[in-house]
Amino acid sequence: MSIVLLKDVRKDYPLGKTTVHALQGVELDISTGSFISIVGPSGSGKTTLLNIIGCVDQATTGSITIDDQDVSRMTDNQLTDLRLFKIGFIFQSFNLIPVLNVLENVEFPLLLMKKYTSKEIRKKAEEMIEHVRITEQISQRPSELSGGQRQRVAIARALVTSPRIVLADEPTANLDSETGAQILSLMKRINEQNNVTFIFSTHDPDVLKYANDVIKIRDGKVIERIKCQ
Ligand SMILES: Nc1ncnc2c1ncn2[C@@H]1O[C@H](COP(=O)(O)OP(=O)(O)OP(=O)(O)O)[C@@H](O)[C@H]1O
Ligand SMILES: [Mg+2]
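This one's a predicted model, so the numbers in the text were calculated from it and none came from an experiment. (Residues numbered from 1 in each chain as written. Chains lettered and ligands numbered in written order. Predicted model: local features only at pLDDT ≥ 70, side-chain atom pairs only at ≥ 80, totals over all residues.)

**Remarks on the overall build of the chain**
Then comes step 1: Assigned secondary structure in the chain consists of six helices and 10 strands.
Then comes step 2: Its C-alpha atoms give the chain a radius of gyration of 17 Å, within 12% of the compact-globule value 17 Å for 229 residues.
Then comes step 3: Viewed in the frame of its principal axes, the chain has a C-alpha envelope of about 50 × 40 × 40 Å.
Then comes step 4: Looking at the 229 residues of the chain, the share that counts as buried comes to 39%.
Then comes step 5: Look at the contacts in the chain between residues 6 or more apart in sequence, and 70% of them connect residues 24 or more apart. (Helix = DSSP H or I, 4+ residues; strand = E, 2+ residues; numbered from the N terminus. Rg over C-alpha atoms; globule rule 2.2 N^0.38 Å. Buried ≥ 20, exposed ≤ 12 C-beta atoms within 10 Å, placed from the backbone. Contact = placed C-beta atoms within 7 Å.)

Rendered as structure tokens:
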């Protein structure tokens with residue numbers, strides 16, 4: 001079953017007097033529970049594509065269906081709920097809140113959901129922190145952590161709400177290769193255990209070992225889809 005379905009998606013950015021055609025007719029069908037890597041040269045449209053799938057940016061034209069919901073028909077409030085309840089984000093630069101410690105960073109999206117008591121929030125956050133193996137650093141702030149530890153916190157924060165889809169824009173780019181491999185296997189473990197769909201961009205050649213499919217994009221178009229396993 002498809003969890004993400006894109007048909008003829010185009011994205012234009014106005015740039016001075018010209019227009020950048022960042023996506024030029026993307027067709028994409030991603031099944032539930034898959035572990036998908038998006039690769040392509042710098043400027044090919046990877047970040048734009050992830051932002052559109054994550055509903056943080058809108059396509060210029062084309063149709064986008066996320067978990068059977070047509071995104072173009074949704075109101076701003078419905079889009080906010082879709083992002084909060086169904087999607088988790090992991091960014092290259094971690095985007096953790098500097099004044100909050102590890103536990104508070106992971107609790108943050110649960111507070112926004114306004115669905116759980118503070119006791120439940122604490123329990124869920126602590127479990128997720130345990131899951132990504134960062135319990136020893138639970139009271140530290142992001143500035144006191146290594147790059148790999150920060151990325152673990154970012155993963156815990158993305159997953160604590162039990163999203164259906166996790167989007168990650170170059171999650172290993174700022175990490176050394178060993179830490180990058182650990183982060184990829186952590187993501188893969190969570191993908192397999194919880195049937196969460198992962199879609200992530202990367203320049204990491206090692207990703208072929210983990211991904212189900214590698215989607216190659218160039219000049220804003222999908223040029224190839226390689227089935228790995
Ligand atoms: N806000 C913007 N305004 C104008 N052009 C933009 C904007 N954001 C992206 N672009 C352009 O859209 C194209 C795709 O950019 P995008 O960031 O999606 O590429 P990318 O594949 O993620 O590249 P990288 O590997 O360097 O991160 C590029 O030509 C870029 O210059
Ligand atoms: Mg990018």
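Now, onward.
**Looking at the nonpolar core**
Then comes step 1: Counting residues in each nonpolar core, the largest one holds 59 residues, and the members touching the most others are Val106, Ile129, Ala156, Val166, Leu167, Phe198 and Ile199.
Then comes step 2: The element best represented in this core is helix 5 (residues 147-159), accounting for six residues.
Then comes step 3: Beyond its immediate chain neighbours, meaning those up to four positions away, leucine 167 contacts Leu50, Ile53, Gly54, Ile87, Phe89 and Ile199. (Core = buried A, V, L, I, M, F, W, Y, C linked by C-beta atoms within 7 Å.)

**Overview of the sheet that holds strand 5 (residues 69-70)**
Then comes step 1: In space, the four strands of this open sheet follow the order 2-1-4-5, with antiparallel pairing throughout. In the strand order of this sheet, the two ends are held by strand 2 (18-31) and strand 5, each with one partner.
Then comes step 2: Two elements, strand 4 (residues 61-66) and strand 5, share two bridges in a ladder whose sense is antiparallel. The residue bridging isoleucine 66 from the neighbouring strand is glutamine 69, located in strand 5. (Pairing = 2+ DSSP bridges.)

**Let's talk about the site of ligand 1**
Then comes step 1: Taken together, the residues surrounding ligand 1 are Tyr13, Leu15, Val20, Ala22, Gly40, Ser42, Gly43, Ser44, Gly45, Lys46, Thr47 and Thr48.
Then comes step 2: Elements with a contribution of two residues or more to the shell around ligand 1: strand 1 (2-15), strand 2 and helix 1 (46-53).
Then comes step 3: Broken down by element, the residue count for the shell around ligand 1 peaks at three residues, all from helix 1.
Then comes step 4: Among the residues forming the shell around ligand 1, the class breakdown is four nonpolar, seven polar and one charged. (Near = placed C-beta within 6 Å. Nonpolar A, V, L, I, M, F, W, Y, C, P; charged D, E, K, R; others polar.)

**Section: the environment of leucine 96**
Then comes step 1: Among the structural elements, leucine 96 can be located in the loop between strand 6 (87-90) and helix 3 (102-113).
Then comes step 2: Taking the C-alpha atoms as reference points, leucine 96 and alanine 154, 58 residues apart in sequence, are found 6.8 Å from one another.
Then comes step 3: Apart from the residues within four sequence positions on either side, leucine 96 is in contact with Asn105, Pro142, Arg150, Val153 and Ala154.

**What to know about the packing of helix 5 against helix 6 (residues 177-194)**
Then comes step 1: It is at 10 Å that the axes of helix 5 and helix 6 come closest, and there the two elements cross at 15°. The pairing of helix 5 with helix 6 is recorded here as roughly parallel in orientation. Seen from above, helix 5 lies across helix 6 with right-handed handedness. Contacts between helix 5 and helix 6 involve Gly147, Gly148, Gln151, Ile155 and Leu159 from the former and Thr179, Gln182, Ile183, Leu186, Met187 and Ile190 from the latter.
Then comes step 2: The class makeup of the residues in the contact of helix 5 with helix 6 is six nonpolar, five polar and no charged. (Axes fitted to C-alpha atoms, helices over the stretch in contact; angles between N-to-C directions. Parallel < 35°, antiparallel > 145°, perpendicular 65-115°, else oblique. Left-handed = near helix turned anticlockwise from the far one by under 90°.)

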